[in-house]
Every structure is written in structure tokens, then in C-alpha cells.
Amino acid sequence: MPRLSQILTALAVPVLYLSCTASAQVAPDPSNPSAPAKSPQAAHPKWQSDAWLMTSFRGKGDGLHLAVSEDGKAWRDLDRIFLKPTVGIGSGLMRDPHLLRGPDGIFRLVWTTGWKDKGIGYASSVDLVNWSEQKYLPLFEDVPGTKTAWAPETVYDEASGQYVITWSSDIEGRFPQTVSDERMNHRTYYVTTRDFQSFSKPQVLIDPGFDHIDTTLNKVGKQWIAVFKEGDRQRRKAWGALRWAVADNVLGPYELMPQPLVQGQRAEGPTLLRQGDTTRLFVDFYSDGRYGVYQTSDWKSWTDVSAEVSVVKGQRHGTILWVPPWLATNLATAQPTGAAVTPQPAPPPVLEGFTADPSIRVFGDTYYLYPTSDKPHWQTTDFSVWSSKNLVDWKKEKMVLDVARDLKWANIEAWAPDAIERNGQYYFYFCAAQRIGVATAKSPLGPFRDALGAPLIQKGSGLHTNTIDPYPFIDDDGQAYLYYGNGRIANVYKLKPDMVTLDGPPVGIPLNQFREGIVVFKRGGKYYFMWSIDDARSPDYRVGWGVADSPLGPLRSPENNFIVLQKHGAAVGTAHHSVVNVPGTDRWYVAYHRHALPQGGGYQRQTVLARMTFDAAGNIEPMDPLAAPFKPGDRGEPLVNGRAVNP
């Protein structure tokens, strides 16, 4: 296939000859023409999916300013400095602040510390209010002839698992063919790092054959696009264009596109906001104190949408990133503790992609995970299974059930599956169209076939509950139970020995603050119940617990440590879990989901593991979602003949 750059070159992307008088405007109130114009307002759904922050500075570089938007158009200044600069060789400024959230949930901020510094500023945070100790990264301090280090930015490269820091420098003696007394002689340089402690040797990233600054990198599809500002010739008032280049890899080589994006205007500091297939280019018209905004869906044609966007007046050289809406809301009132903090990374997920509601089971010598396959607004249609020999290394096996194809009674809303074995047969319980079905297979890998040709539990069946989130449990006496529910109360049916026939009416089980996702297991002769509280879209989605003498209750929940899994740092929405015991031991693990990192929420989640422990009285001890159950290189929990290798 031809490269994107070849396609776009052939299509001759048009130049944006922008009007010097174009600026962001707001609409007047038609009912009161004399009233001040109102900024565009976005709708306020109960659970927002998106929010954006725009970083900026004021004046010569006073510190980190933030503006927030729910739709990428109407921006509201948070009206405070979130980090004041304290590092730098020269003036100790903060200009051109760029913010990135990594896959570990940590925000990393880099900035220009001074006009003639040879390094950049760096700090990190998980909440954008409390920050680590600021550091000066002397990227070019030891390089003779270095004059500048301007407008740094950071991207994360999934392919290599490392961060790439870019910036512009003018180094005496380099690129002599473009030395001029009319402008400086910058090129884009980069270093790579995994930990922001050690860095690769600086190298040239982009040399388009001319002086340029303010490079921003964005991955579009499978390719990387760099947008940057060509240097001005200020004495003759010849303003450099905003140009772009394309590469297959983040480290290049970059191919310069023949047509500029913005030409003939005094503009700099490009930054991009991407919403689905739409990209907006925000441009700082620095001499006019305003922003211009231009929009495309294909990188072929652009539309000036400045009149539809209200950028905060007075902000300078901002960059834009997506953030969780709850975090953007918290920023309005959150106050720093006053002391430097060390942000703690969230552990990586154990499954690839977006998954949720994980059911973890052990069959034979293998652990299995059956999750929901997340899609927008929970409109999921299929279930897949992952396997592991040690709880550390997970392999995606295959799809085990496609409700859109394999069922006659539902084709959507495939949620919260679980599996259990009895007499060599595997039973797969699942939600579809808010009903509960059951399918069977001879292997835990499926494929599972609908056992009844109809739902096992119809929508609305039960006591004060919705018909979702099934959880099967077989007691020591052989009696099987199917727990389920969402709403005021959990429900349970007894199952007949065939595992596909309900035995009697449902029984309601009151649970403290119950919402959904009930889990039941037995330890020390007691029945442990765990369940999820709040909404899966909420960062406060969490797990409570209780204990009973019977699989039908009633329960006793502790006054202290009733909540045993809840948000901490970057890990939020930590619930809808399941539990596995390592056979032959008293070691227990929980599989749960959290909101995905770096970008996710109630519809984009990740499956994570945690170690679950008990105190001497048998109480479940609180789990920290920032504590990984295994260290790099650990062998995990391997099994032989259905028993732990290390009992």
C-alpha cells in the first residue's frame, strides 16, 4: 500500500491563507441583543465521556496555567497557577508547557526554562495539583555552541515502550548552509527515556532544510505527523509558515509535505486536539494575543472554525490533552498539600485492549480470564478468553461466544461472563440484552453453545434487581447457586444438577450499598460475599464485603475496612471483580477492572490483578490498586497436577 505521505502529496493539501483579522468569536443572545455575548456551552450529561485541558503560560513565563473544556470548543480558565517554576540556569521561567499522561497514569510536564538555557524543566503528578520536585534536565549543557532549548514536548511510543522528548535547539557550527543574520538556526532534537532518570544521547529528529521551532508530534493511524513552525525573518516581516512532515516511526525519518498548513501569518505554537476522526489545529497568533483554530477530518481539506471556539484570552503557547472528566472537575477546587510528592505508577494491565468485568477461574493447571470486551456505551457483542500458566503471562486464546451470531434471543449488550466446571462439562453464564443466558462446552476454551435456545433468566426476573452479572458457585455439598443482580438487592437461584435449570424461586440477599457484580467464595467454613458499589462510570466504583454462615445469607459486614478495593492515585473505578484461590494454598488473587490508562473511563477499562490477604480473624484486608501482585521477573503461581508448585 502507498504511504499516507504519498497519498497526501498527490492530493495537494491546500494552504490555509488565513485572515489576520480572524479570531475566536462567541454568539450573541438573540433575546437580548445588548447583553454580552455568551461562550458556546456544551451539554452536561450525568456521565461525561470527555474533557480536555489546555496548558499555557502568561507574560514572560509565570507558571502552569490550565483551561478546561468539555467539548474542545468552549474553554474555561481555572484561574490559578498550578506550578510555579523554580529551576533553570538563566531566568527560571516556565514557557511552552507541555503535558502528557503516560500508560502508568502519571502526568509528565516539560517546559522551556529560559531563552538561553541548554536544558528544560521537568515535573510529574497524578492529579495536576500536587507535584514532584522540579528538575532541570541538562540535555545540551555539555554540547559546545548550544544557544537554546525551546518548546519541549513528550510523546509515548507504544512500539518501543519508551518516552521521546523533543525540543528545538540552535547550535553554533551545525547546518551552516542555513545560517542567516535574519533568523536563528534551529532543528528538532530528541532523547529517549523509560524512567526520566537516564536519557539517550541527543540526536536530530527533523531537518527539513530550514530553521524551525515548536514541533509537536501526533500519531494518526499507523503514522506519525509532525507539525512545526518555520523561523521568522522579523526585520523584513516575513513570517514563517506552519509546516508538517510524516513518518512511519516516531523517530523518523520524516518526509516534509510540500504545502504548508498556515502561511503568511505571524503564528506559532501549534497544538492538535483529536476527537474521533476530527482534528483541530490550534495556532497561537502571538502578536495579536489570540488563537486561531482549523479543522479537518482527512488532513486534505481544512476549515477555519475559529468563530466556533472560545479560547481563554491571554494564554500563550498552549498544548492540549484529554483528561478524565472527573479530574477536570476536581481541578476547580482541589488544593495542593504544599509538599513535593513522588507520583506512584499504576501497575500495567494483564490483558491487552479494553476489557472489563473479569471472571478469573482455574481449571486443571491453567488460569482463565473471561472478561467483557469493552466497546462504546457497552454495546458489546462477543466474549473471548485468555489463559495463563502462572497468573503473570497471559495469552489471548479466542472468541468463545458471539451473541450477535450464536443466539436467537439477543444480539447486543454482551456483559459480565463467568464459567464453571461440573462433571467434565463447562458452563458459561453471561448477560445479553439484559437477560442471563447459559452455554456449554467440553473445554474451558469453548466454543460455547447456547444450552437452552432462550434466556435462563428473563429480563426483570428477581427481587428489586436488574437481570445482569451472573456468578455461579458450587458448595461443598454439591448444591449449585447462581447469584446475580444490579440495583437495590442481590438475588440468587438454586440450580439443579444439570446446571441449566432453575430450582425454585429466587432469594433476595440484602447487601450494604449493593450495586452489582456479586462474588461468593468459601474459606474456613465461612461464605464470603463481595460486591461492587456505585456506578462503573464513576471513579469511586469500589468493592465492599461481608461474611455469612450460609450461601443464602444473612451477611455481617465489618464496621472497619468494609471497603477493600477503591481508587488510589491514578487507579480509579476499581471494582467489578472476581476471586481465585491458588489450589493447595491460602493464597488468593482478585481480578478487577479500572478505568483505562492513559485514556479511559466507564466504557474503556482494563483488567488488573491484585493480591488478596486475610487477617488472623479472617477479615479481608484492604487492597491497594497501585500495588502490583508480582514483580518483574517473578515466576507467579504455576500449577502442576492442579496444585501449586510452591505450596
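In the block above lies the structure referred to throughout.
Computed from a predicted structure; not experimentally measured.

S.K.: Which residues make up the packing of aromatic side chains, and what values go with them?
M.R.: Counted under the stated rule, the structure contains 35 aromatic pairs. Relative to Tyr493, the ring of Tyr484 lies with its centre 5.9 Å away and its plane at 10 degrees, an arrangement referred to as stacked. Residue classification places Tyr484 among the buried residues on the basis of a relative accessible area of 0%. On the basis of relative accessibility, which here comes to 8%, the residue Tyr493 falls in the buried class.

S.K.: I'd like a rundown of the layout of surface pockets, residues and numbers included.
M.R.: Of the pockets and cavities examined, the second largest pocket occupies roughly 560 Å³. Contributing to the lining of the second largest pocket are 19 residues, with Arg361, Val362, Phe473, Val579 and Asn581 lying nearest its centre. The residue inventory of the lining of the second largest pocket, partitioned by class, reads 14 nonpolar, one polar and four charged.

S.K.: Which residues make up the pairing of strand β39 (residues 605-612), and what values do they have?
M.R.: For β39, the tally of buried residues reaches seven of eight residues, placing the bulk of the element in the interior. Two elements, strand β38 (residues 588-595) and β39, share eight bridges in a ladder whose sense is antiparallel. Looking across to β39, one finds that Tyr592 is bridged to Val608.

S.K.: Help me get a handle on unusual backbone geometry, residues and values and all.
M.R.: Of note, the bond from Gly553 into Pro554 is cis; its omega dihedral lies within 30 degrees of zero at 0 degrees. Along the chain, the position of Pro554 falls in the loop between β35 (542-548) and β36 (563-565). Note the cis peptide between Leu597 and Pro598, where omega equals 5 degrees. Position of Pro598 among the secondary structure elements: in the loop between β38 and β39. Of note, the phi angle at Ala433 is positive, near 50 degrees, even though the residue is not glycine. Looking at Ala433, the relative accessible area reads 19%, which means it is buried.

S.K.: Outline empty space enclosed by the protein, listing residues and values.
M.R.: In this structure the tally under the stated criterion is four cavities of 30 Å³ or more. Size it by volume and the largest cavity reaches roughly 100 Å³. Surrounding the largest cavity, 15 residues form its lining, Pro417, Pro470, Tyr471, His576 and His577 being those nearest its centre. Counting residues per element, the ones that place at least two in the lining of the largest cavity are β21 (355-363), β25 (415-422), β33 (516-523) and β37 (575-581). Its residues assigned to classes, the lining of the largest cavity shows seven nonpolar, five polar and three charged. The calculated volume of the second largest cavity comes to roughly 40 Å³. Arg101, Pro324, Trp326, Ala570, Val572, His595, Ala596, Leu597 and Gly600 together form the lining of the second largest cavity. Considered class by class, the residues forming the lining of the second largest cavity number six nonpolar, two polar and one charged.

Cut-offs and rules
Residues numbered from 1 in each chain as written. Predicted model: local features only at pLDDT ≥ 70, side-chain atom pairs only at ≥ 80, totals over all residues. Heavy atoms only, no water. Phe/Tyr/Trp six-rings, centres within 6.5 Å; stacked < 30°, edge-to-face > 60°. Buried < 20%, exposed > 50% of the residue type's maximum accessible area, 1.4 Å probe, protein only. 1 Å grid on protein atoms, 1.4 Å probe; cavity = no way out; pocket = protein on both sides within 12 Å on 5 of 7 lines; lining within 4 Å. Points joined across faces, edges and corners; volume = space filled by probe spheres on them. Nonpolar A, V, L, I, M, F, W, Y, C, P; charged D, E, K, R; others polar. Helix = DSSP H or I, 4+ residues; strand = E, 2+ residues; numbered from the N terminus. Pairing = 2+ DSSP bridges.

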